[in-house]
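For reference, the chains in residue letters:
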Amino acid sequence: MPVIAVIGAQWGDEGKGHIVDLLANRSRLVIRYGGGNNAGHTVVNEQGTFKLHLLPSGIFDPHTVNIIGSGVVIDPAVLLGELNELQSRNIDTSRLFISERAHVIMPYHVMEDKLQEQARGDSKIGTTGRGIGPAYSDKMDRVGIRMGDLLHEQTLLERLRAVLEEKNRLLTKLYGVKPLSLHDTYLRFLEYGRQLADYVTNTHPIIHRALQRDVPVLLEGAQGVLLDVDHGTYPYVTSSPPGAAGACQGAGIGPTHLNSVIGVYKAYTTRVGEGPFPTEVQGPVADALRQIGKPWAEVGTTTGRARRVGWFDAVMARYAAQINGIDTVAITKLDVLDTLPEIKICVGYKLHDAELDYPPTTVAVLSQVEPIYEEMPGWQTATSGARRFEDLPEAAQAYVARLCQLVGARLGLISIGPERDQIIVVSEVL
Ligand code: IMP
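All of these numbers come straight from a predicted model, not from anything done at the bench.

Chemist: What am I meant to see in empty space enclosed by the protein here?
Modeler: Rolling a probe over the atoms, with the probe sized like a water molecule, indicates the empty space that remains. On inspection of all chains with the given rule, the structure shows one cavity of 30 Å³ or more. Reported here for the largest cavity is a volume of approximately 40 Å³. Lining the largest cavity are Ala9, Gln10, Trp11, Leu226, Thr269, Asp313, Met316 and Ala317. Residues that form the lining of the largest cavity fall into these classes: five nonpolar, two polar and one charged.

Right, dumping it as structure tokens:
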């Protein structure tokens, strides 16, 4: 049985939740492997519309076990809020397990994130302000607090005492803000631990058993690989590895178990936050892509920020496929292009006199490239009613086929609306 990773293959917000929601139906174990509540998935299914930030999308399926993996950073208040919301709408959350190894986002992480951004001024990254970067920094610095620590009074107190002393020096001396109380913070996080105790466990045996029994496993990504801390548009990136390697690392599954990597690509490109975006557009095309006021509106689920929009960038898309071993493409939001008379695809970058078919490493150089566009005719027909590939207008079929050819992977799925039945399965993926 397959183990597949579903990863965002652009700058995040590709509609992964929608794809994972469909595939979760066919899997028995869904593992969210990285990021934190900087992510936001809107899931629309027969039970309603849900905005998830931390919970794996398989949570709605009564047969699926869901794991928040070791690579995730968790704000316990946000997680409890999400659990309460689902429980109040009669969704059973008893099949959720949270890795003891996952790190906790502490209040000083959120403060540091916001204060660092303020201090950066014009060179700010445009983070989501959720404390993600500082939480991952502390993990690497070996001063993080893990979910398992919240269940052990003594460990929590000792670790918190040590780290808070240093954090309070930073908050008061560098940023001139009030220190955090050890007593209050300790009691608050101990209480979170108490409330989450039934879910927090060593997830390794569960995952290992699932692999041994050959059940279908889905590794659910957050963010997108162009935000990867190693391979993305650094420093305008997140602080984790959102790609296929990160999936293995964050879930605790060896790479030889992976059978397929599905790259989720929007039929165009969006980005939130700062950083280079070669195919970004303004004006009427941007308005058409942004879909304000419609269910697909390009507004961040987490921050409510309007997303920057642009044409499909096949240079970036192919790079994303190459560094992650993407073998299957899921194209989302194809219907957003329905009204456009012509559609552009960036097939190369012009840099002075040179033509590049890969993105340059540094943002200073990437910001200078000019996209080389190929134009394809639009279809100017509604596609949202299509249920098979053949139902799509020929121009839409040709567009999707061209994207896959440029990416260098087979076509798996196409979404043409936010409902679960608006995903066309072109080739079986799970
Ligand atoms: P952070 O992850 O909050 O540190 O933000 C770093 C960068 O990643 C910013 O440009 C964010 O806008 C972007 N980012 C983080 N998470 C997401 C996401 O889920 N979708 C899109 N962009 C994201």
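Chemist: Any chance you could explain the pattern of salt bridges here in plain terms?
Modeler: Should their charged atoms come close, side chains of opposite charge can pair. In the structure shown here, the tally under the stated rule is 21 salt bridges. We note a salt bridge from Glu117 to Arg120, for which the minimum N-O separation is 2.6 Å. Remark: Arg120 and Glu117 occur in helix 3 (residues 107-120); sequence separation between them is three residues, near one turn of the helix. Take Arg120: its relative accessible area is 29%, and that puts it in the partly exposed class. In this structure, Arg402 engages Glu374 in a salt bridge whose closest nitrogen and oxygen atoms are separated by 2.6 Å.

Chemist: Teacher, can you tell me more about the environment of Val426 here?
Modeler: Among the structural elements, Val426 can be located in the segment after strand 20 (423-425). The spatial distance from the C-alpha of Val426 to the C-alpha of Phe389 is 6.5 Å, given a sequence separation of 37 residues.

Chemist: Would you explain the domain arrangement of the protein chain in this entry?
Modeler: When its domains are assigned, the protein chain resolves into domain 1 (3-90 + 203-425) and domain 2 (103-196). Look at where the C-alpha atoms of domain 1 and domain 2 centre, and you get two points 29 Å apart. Facing 27 residues of domain 1, the contacting portion of domain 2 comprises 21 residues. Area buried by domain 1 at its contact with domain 2 is led by Val73, Pro76 and Leu80, which between them contribute 28% of it. Our count for the domain 1 to domain 2 interface comes out at one salt bridge. There are seven residue pairs in polar contact (both at pLDDT 80 or more) connecting domain 1 and domain 2.

Chemist: Mind showing me how you'd approach unusual backbone geometry here?
Modeler: Leave glycine aside and you will find that most residues have negative phi; peptide bonds, for their part, are mostly trans. Looking along the chain, the bond that leaves Tyr234 and enters Pro235 is cis, with omega of 5°. Structurally, Pro235 is set in the loop between strand 10 (217-220) and helix 8 (244-251). For Asp214, which is not glycine, the phi dihedral falls at a positive 65°. Considering the arrangement of structural elements, one finds Asp214 in the loop between helix 7 (204-212) and strand 10.

Chemist: Would you mind going over the nonpolar core with me for this structure?
Modeler: Most often, soluble globular proteins have nonpolar side chains that are buried together. Of all hydrophobic cores here, the largest spans 61 residues; its most connected members are Leu219, Tyr265, Leu334, Leu337 and Tyr399. Sorting elements by how many residues they give to this core places helix 12 (residues 394-407) first, with seven residues. With residues up to four places along the chain from it excluded, the contact list for Tyr399 reads Ala267, Phe312, Leu334, Leu337, Ile343, Ile345, Met376 and Trp379. If you look at the next biggest cluster of nonpolar residues, it comprises 36 residues, including Ile59, Leu86, Ile91 and Ile98.

Chemist: What am I meant to see in the packing of aromatic side chains here?
Modeler: Both the distance between ring centres and the angle between the ring planes are used here to describe each pair of aromatic rings. Following the criterion strictly, the structure yields five aromatic pairs and no others. Considering the side-chain rings of Phe189 and Tyr192, the 5.0 Å spacing of their centres and the 90° angle between planes classify their relative orientation as edge-to-face. Separated by three residues within a single helix, Phe189 and Tyr192 lie in helix 6 (residues 182-196), roughly one turn from each other. Consider the rings of Tyr265 and Phe312, whose centres lie 6.0 Å apart with planes at 50°: the pair is tilted. You can see Tyr265 sitting in strand 11 (residues 260-266) and its partner Phe312 sitting in strand 14 (residues 312-313), a full 47 residues away along the chain. Owing to a relative accessible area of 0%, Tyr265 belongs among the buried residues under this scheme. According to the relative accessible area criterion, Phe312 is buried, its value standing at 0%. Positioned above the aromatic ring of Tyr373, the side-chain terminus of Lys344 is 5.2 Å from the ring centre.

Chemist: Teacher, can you tell me more about the side chain of Lys167 here?
Modeler: One can find Lys167 in helix 5 (residues 153-174). In this structure the side chain of Lys167 is engaged in a polar contact, spanning 3.0 Å, whose partner is the side chain of Asp138.

Chemist: I keep staring at the packing of helix 3 against helix 4 (residues 132-140) and nothing clicks. Help me out?
Modeler: Two measures define how a pair of helices packs: the angle their axes make with one another and the distance between the axes. Two numbers describe how helix 3 lies on helix 4: the axes approach to 7 Å, and their chain directions differ by 120°. Crossing geometry of helix 3 relative to helix 4 is assigned as right-handed. For the pair helix 3 and helix 4, the contacting residues are Tyr108, His109, Glu112, Asp113 and Gln116 in the first and Ile132, Pro134, Ala135 and Asp138 in the second. Of the residues assigned to the contact of helix 3 with helix 4, the class counts are four nonpolar, two polar and three charged.

Chemist: Where do I start with the side chain of Asn66 in this structure?
Modeler: Following the sequence through the fold, Asn66 ends up in strand 5 (residues 65-68). From its side chain, Asn66 meets the backbone oxygen of Thr64 in a polar contact 3.3 Å long. Leaving out residues up to four positions away in the same chain, Asn66 has contacts with Val30, Pro56, Ser57, Gly58, Ile59, Arg95, Leu96 and Phe97.

Chemist: What should I look at first to understand the pairing of strand 16 (residues 342-351) in this one?
Modeler: Regular strands place their side chains on alternate faces of the sheet. Sheet analysis places strand 14 next to strand 16, joined by two bridges and oriented parallel. Among the inter-strand pairings, Asp313 is bridged to a residue of strand 16, identified as Cys346. Where strand 16 meets strand 18 (residues 370-377), eight bridges bridge the pair, whose relative direction is antiparallel. Across the sheet, Ile343 pairs through a bridge with Met376, a residue of strand 18. Here strand 16 pairs with strand 17 (residues 354-356) via three bridges, running antiparallel. Of the residues in strand 17, the one forming a bridge with Leu351 is Ala354. Between the antiparallel neighbours strand 16 and strand 17 lie two residues, among them His352 with a positive phi of about 55°.

Scoring rules and cut-offs
- Residues numbered from 1 in each chain as written.
- Predicted model: local features only at pLDDT ≥ 70, side-chain atom pairs only at ≥ 80, totals over all residues.
- Heavy atoms only, no water.
- 1 Å grid on protein atoms, 1.4 Å probe; cavity = no way out; pocket = protein on both sides within 12 Å on 5 of 7 lines; lining within 4 Å.
- Points joined across faces, edges and corners; volume = space filled by probe spheres on them.
- Nonpolar A, V, L, I, M, F, W, Y, C, P; charged D, E, K, R; others polar.
- Salt bridge = Lys/Arg side-chain N within 4 Å of Asp/Glu carboxyl O.
- Helix = DSSP H or I, 4+ residues; strand = E, 2+ residues; numbered from the N terminus.
- Buried < 20%, exposed > 50% of the residue type's maximum accessible area, 1.4 Å probe, protein only.
- Domains from an automatic or database assignment.
- Contact = heavy atoms within 4.5 Å.
- Buried area = accessible area lost by both parts, 1.4 Å probe.
- Polar contact = N/O pair within 3.5 Å; in protein donor to acceptor, adjacent residues only side chain to side chain.
- Core = buried A, V, L, I, M, F, W, Y, C linked by side-chain atoms within 4.5 Å.
- Phe/Tyr/Trp six-rings, centres within 6.5 Å; stacked < 30°, edge-to-face > 60°.
- Lys NZ or Arg CZ within 6 Å of the ring centre and 35° of its normal.
- Axes fitted to C-alpha atoms, helices over the stretch in contact; angles between N-to-C directions.
- Left-handed = near helix turned anticlockwise from the far one by under 90°.
- Pairing = 2+ DSSP bridges.

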